[in-house]
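The lines below spell out each chain.
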Amino acid sequence: MSEAGRVPTLLEVHDLEVSFNTEDGVVRAVDGVGLELKSDEVLAVVGESGSGKSVTALTMMGLTRGPNASISGTAHFEGTELIGASDEELRRVRGNRMSMIFQDPMSSLNPVYRVGAQIVEQIRAHRDVSATEARQRAVELLDAVGIPDPGIRVDAYPHELSGGMRQRAMIAMALSLDPSLLIADEPTTALDVTIQAQLIELLRKLNEERDLSIVLITHDIGVVAEIADRVAVMYAGRIVEQGTLDEVFYDPQHPYTWGLLGSLTRIDRPRPDRLPQIPGMPPSLLEPPVGCHFRPRCPHAFDRCQSVPDLNTRLPEAPAHFDRCFLSPEQKRERREVGDGT
Amino acid sequence: MARDEEGHVSGRLLEVKGLSKHFPIKSGLLIDREVESVRAVDGVDFAISSGETLGLVGESGCGKSTLCRAVLQLIKPTAGSVLFEGHEIVGLGDRQMQPLRREMQMVFQNPQASLNPRKRVGEIVGSPLKLHGLASGSELKPKVQELLDRVGLSPEHYNRYPHEFSGGQQQRIGIARALATRPKLIFADEPVSKLDVSIQAQIVNLLVDLQKDLGLAYVFVAHDIGIVRHISQRIAVMKDGKIVEEGAADRICEQPRDPYTQQLLSAVPIPDPRENRTRRAAAARE
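Residues numbered from 1 in each chain as written. Chains lettered and ligands numbered in written order. Predicted model: local features only at pLDDT ≥ 70, side-chain atom pairs only at ≥ 80, totals over all residues. Heavy atoms only, no water.

Caption draft 1: Geometry of the overall build of chain B. For chain B, the helix and strand inventory stands at 10 helices and 10 strands. Against the globule reference of 19 Å for 286 residues, chain B gives a C-alpha radius of gyration of 21 Å, in line with a compact fold. On the principal axes, the C-alpha backbone points of chain B span a range of 70 × 60 × 45 Å. Here chain B holds 286 residues, and the buried ones make up 52% of them. Carbon and sulfur atoms make up 47% of the accessible area of chain B, which totals about 13400 Å². Counting 38 positive and 36 negative side-chain charges, chain B places the averaged centre of each group 4 Å from the other. (Helix = DSSP H or I, 4+ residues; strand = E, 2+ residues; numbered from the N terminus. Rg over C-alpha atoms; globule rule 2.2 N^0.38 Å. Buried < 20%, exposed > 50% of the residue type's maximum accessible area, 1.4 Å probe, protein only. Areas by Shrake-Rupley, 256 points an atom, 1.4 Å probe, with all protein chains shown as cover. Lys, Arg positive; Asp, Glu negative; His and termini not counted. Charge placed at Lys NZ, Arg CZ, Asp CG, Glu CD.)

Structural data, given as structure tokens:
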């Protein structure tokens, strides 16, 4: 761990809380999230719909601000405090030092402008370059993300590209100003599995060759296993477990993580008779359960779970592995049916 | 059940031969002439026996959903034959199809879009019973409540509206509706792909339980090969409107023969970091 100390921290989020006033009451979408991202790292934030993973990312980009939102906590990125930053400050960072891509590339691209023009617009909004130079840069970017005939495709409209190509174009745009951080929110969910594999490969290449740090938001554990260095598992607005990829996969500490890992199907293993399932369903964030949010669905819950467990390190041998569960490490090892290299 | 090497069972419930659905592309000023056609389904053969699950996998646009609809005569096939219990159903009129619709039902991908938001659960699940004359009046409610119980919902849900349910529960309502007519065959078109991982397993297990209890046959369409393999005895892989490979589920996953199947399987992410590192290292050496 002494080595890790030397790698600078790029992004540091502490006690992030985001709630929204709605007609039905206050929805606490993010409930005290803390994250740390080192340079060159890929951090996967995993969770189901409504777990707060996207809201966390959108809040860092300043995209959840609104009259009905209340946001507290801190998010430090390259010396800028993002929470509470002025629009002016955010504009300098957004698209420039950190950029974001979304699940559906068709609805993130403007359908009436050519792809190249949209990239040029972003470059020229931040840099003092001529239109010709910016266009040349756009062609290079399209080439770098693996779009064939970039000189021709630069003049294509979004609808003329396939889903995978559109997502590549979105990545090209996100990279146009050479940011240090890319937030990718379910970037492959809308795509076919063969295209997904190509895009994961592209993200990995960008991470390795351009030293691009990535926060990957996904519900797909398979994708996480392919690319992440560290993993944060979110459930009902809170991080329930955080650790390196191998720690979370082979020594999972939280019963929710056990459930997630257990319910996976694997095509390279004999199939089980029955797919292990997590009983019940995620709680409503209007009225979340008292104490641990996973308690009502947890087969291992006991009276202590009525209070909220801290996100703590509980394993002396793994000081960077955090979880929110009161069970002792021995109990966890006894009770879980996943992990341990299986 | 007697099975041959590829997992086929003798005695077919449904037999599809040379089924095609081509959509015309028309062009012309005054008279639209057919200039080309999209061969969405192009000469597909498959068969399925009682109590069996056939998984249908393929990427978006390969014709999986069109195939289901053409088999069910929801769209008119361009060519080919569909035998249900030995009887030809291609070309049957609506009235002749009506009794057969009882036997073949469908569960859709998006449960929210496939349930009428203005109708109560009781009406949604009860309407196939009424339509087919299976229950009326005072018998209706207990029958619907029995169906709700069967799919893991509570009888009190009878008077609720679809929006009051989560995605997984809505899919259970869709399944209850499909079960209402006691079908022999259910086409499930991506029934879990819109659901969260923890809920997917619940629905898949429910479908497996129902099959065991009721002897249902499924055509299970999905792009998630892991789930398809879990639920299916046989898998058919579709590409560009054709079935490129068909065989026992484990055989397809362990020893795919067709290059396209191999490509598809190798793209499936493996949720095992060590395994992935080994695979990547092997790929780098090549």
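Caption draft 2: Looking closely at the domain arrangement of chain A. All names here are of chain A. Each assigned domain of chain A is listed with its residue range as follows: domain 1 (9-97 + 180-335) and domain 2 (110-178). At the junction of the two partners, domain 1 supplies 19 residues and domain 2 supplies 14 residues. Here domain 1 packs against domain 2, burying approximately 1300 Å² in sum over the two surfaces, 58% of which is carbon and sulfur. At the junction of domain 1 and domain 2, the tally comes to 6 residue pairs in polar contact (both at pLDDT 80 or more). Contributing elements (two or more residues each) for the side of domain 1 that touches domain 2: helix H2 (87-93) and helix H8 (193-209). It is H8 that provides the largest number of residues to the side of domain 1 that touches domain 2, a total of 7 residues. (Domains from an automatic or database assignment. Contact = heavy atoms within 4.5 Å. Buried area = accessible area lost by both parts, 1.4 Å probe. Polar contact = N/O pair within 3.5 Å; in protein donor to acceptor, adjacent residues only side chain to side chain.)

Caption draft 3: Up close: the environment of Pro283(A). All names here are of chain A. Its place among the elements puts Pro-283 in the loop between helix H11 (255-262) and strand S11 (312-313). Exposure remark for Pro-283: the relative accessible area of 22% places this residue in the partly exposed category. The spacing of Pro-283 and Met-98 is 185 residues in sequence and 32 Å in space, taken between C-alpha atoms. Once you skip the residues sitting within four places of it in the chain, Pro-283 turns out to touch Tyr-235, Ala-236, Pro-289 and His-293.

Caption draft 4: Structural context of helix H5 (residues 131-144) of chain A. Residue and element names in this part refer to chain A. A rise of 1.5 Å per residue sets the reference length of H5, with its 14 residues, at 20 Å; its end C-alpha atoms lie 20 Å apart and thus fit the reference within 8%. For H5, the full list of buried residues reads Ala-134, Ala-138, Val-139, Leu-141 and Leu-142. Relative to the axis of H5, the buried residues are bounded by an arc of 160 degrees and lie together on one face. On its buried side, H5 packs onto helix H4 (115-126), helix H6 (150-153) and helix H7 (163-174). (Expected span 1.5 Å × (residues − 1). Arc of directions from axis to C-beta.)

Caption draft 5: The sheet that holds strand S5 (residues 80-81) of chain A, seen in detail. Residues and elements named next belong to chain A. The antiparallel open sheet is built from 4 strands, whose spatial order is S2-S1-S4-S5. Either end of the sheet is taken by a strand with one partner, and the two such strands are strand S2 (25-38) and S5. The sheet contact formed by strand S1 (residues 9-22) and S2 spans 11 bridges and is antiparallel. Residue pairing for S2: Asn-21 is matched across the bridge by Val-26. The sheet strands contacting helix H1 (residues 53-60) are S1, S2 and strand S4 (69-77), and the helix crosses S1 at an angle near 110 degrees. (Pairing = 2+ DSSP bridges. Axes fitted to C-alpha atoms, helices over the stretch in contact; angles between N-to-C directions.)

Caption draft 6: Focus on unusual backbone geometry. The phi dihedral of Asp149(A) is positive, around 50 degrees, even though this residue is not glycine. Tracing the chain through its elements places Asp149(A) in the loop between H5 and H6. With a relative accessible area of 47%, Asp149(A) lands in the partly exposed category. Phi at Asp240(B) is positive, roughly 45 degrees, even though this residue is not glycine.

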